[in-house]
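# Fold and contact review
Next come the chains, spelled out residue by residue.
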Amino acid sequence: MENIAFRSRFTNNPDEGRLCFFEANKHIPFAFKRVYYTYGVKEGIIRGHHAHKALEQLLICVYGAIEIMCDDGEKKEYTVLDDPAKGLYVVRGIWRTMKWLKDDSVLLVLASEYYDESDYIRDYDEFIRLAKEGYWKR
Ligand code: T46
């Protein structure tokens, strides 16, 4: 996992806010084919509970605060996303959960591939078995 800070531009008037941007293969390490976002989630809700065989993603909390748990089969890492100018790059073969720390936080995700349910591993025991077998070269 890697934390990525985006380029941020802002005008002299702070009331006008900031504009953040990133470009595929330049500011983030892959070309994305899909964008999705999760919203309308209440505080305390935990989503995810799965890993991906091949998918790489960049997670950005564009509003609010969300805790991301990443498990590579050996250790767990926790990252709080609460800055729209920062993202978390999640590589393949990582079991993840996303916990909403504030009502209505919005999670924006850039994905390296189109949606494919067969890329998901939704059973934790199967994930651990594949990780131990070396399915993902770490
Ligand atoms: C991930 C985390 C961060 C689609 O039909 N197309 C899509 O592009 C996506 C992302 C989902 N779906 C369907 C599949 C399910 O029937 O939408 C439903 C909800 O998906 P899921 O329960 O997997 O949502 P989350 O929030 O647990 O996980 C999502 C992504 O699926 C996953 O890849 O890494 O966000």
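Below or above, wherever it landed, is the structure these notes cover. The model shown is predicted, which means the values in this text are computed figures rather than measured ones. (Residues numbered from 1 in each chain as written. Predicted model: local features only at pLDDT ≥ 70, side-chain atom pairs only at ≥ 80, totals over all residues.)

## Side note on the site of the ligand
Inspection of the region around the ligand gives Arg-34, Tyr-36, Thr-38, Arg-47, Gly-48, Gln-57, Leu-59, Arg-96, Met-98, Val-109 and Tyr-115 as its neighbouring residues. Of all the secondary-structure elements, those providing two or more residues to the shell around the ligand are β4 (34–38), β5 (46–52), β6 (57–63) and β10 (95–100). Looking at the shell around the ligand, the element that brings in the most residues is β4, giving 3 residues. Here the residues of the shell around the ligand are counted per class, giving 5 nonpolar, 3 polar and 3 charged. (Near = placed C-beta within 6 Å. Helix = DSSP H or I, 4+ residues; strand = E, 2+ residues; numbered from the N terminus. Nonpolar A, V, L, I, M, F, W, Y, C, P; charged D, E, K, R; others polar.)

## Considering unusual backbone geometry
Here the phi dihedral of His-49 falls at roughly 65 degrees; this positive angle occurs in a residue that is not glycine. Considering the arrangement of structural elements, one finds His-49 in strand β5.

## Focus: the nonpolar core
Within the largest apolar cluster, 24 residues are counted, with the highest numbers of intra-cluster contacts made by Leu-59, Ile-66, Ile-68 and Leu-81. In contact with Ile-66, not counting residues within four places along its chain, are Cys-61, Leu-81, Met-98, Lys-99, Trp-100, Leu-101, Ser-105 and Leu-107. (Core = buried A, V, L, I, M, F, W, Y, C linked by C-beta atoms within 7 Å. Buried ≥ 20, exposed ≤ 12 C-beta atoms within 10 Å, placed from the backbone. Contact = placed C-beta atoms within 7 Å.)

## Brief notes about the sheet that holds β10
If you trace the 5 strands from one edge of the open sheet to the other, you get β8-β7-β10-β5-β12, paired in antiparallel fashion. Of all strands in the sheet, those bounded by a partner on one side alone are β8 (76–81) and β12 (120–121). (Pairing = 2+ DSSP bridges.)

## Notes on the environment of Leu-107
Counting through the fold element by element, Leu-107 comes out in strand β11 (residues 106–111). Looking at Leu-107, the number of C-beta atoms within 10 Å reads 22, which means it is buried. Note: C-alpha distance between Leu-107 and Val-41 (66 residues apart in sequence) is 9.7 Å. Setting aside anything within four residues of it in sequence, one finds Leu-107 in contact with Tyr-37, Thr-38, Leu-59, Cys-61, Ile-66 and Met-98.

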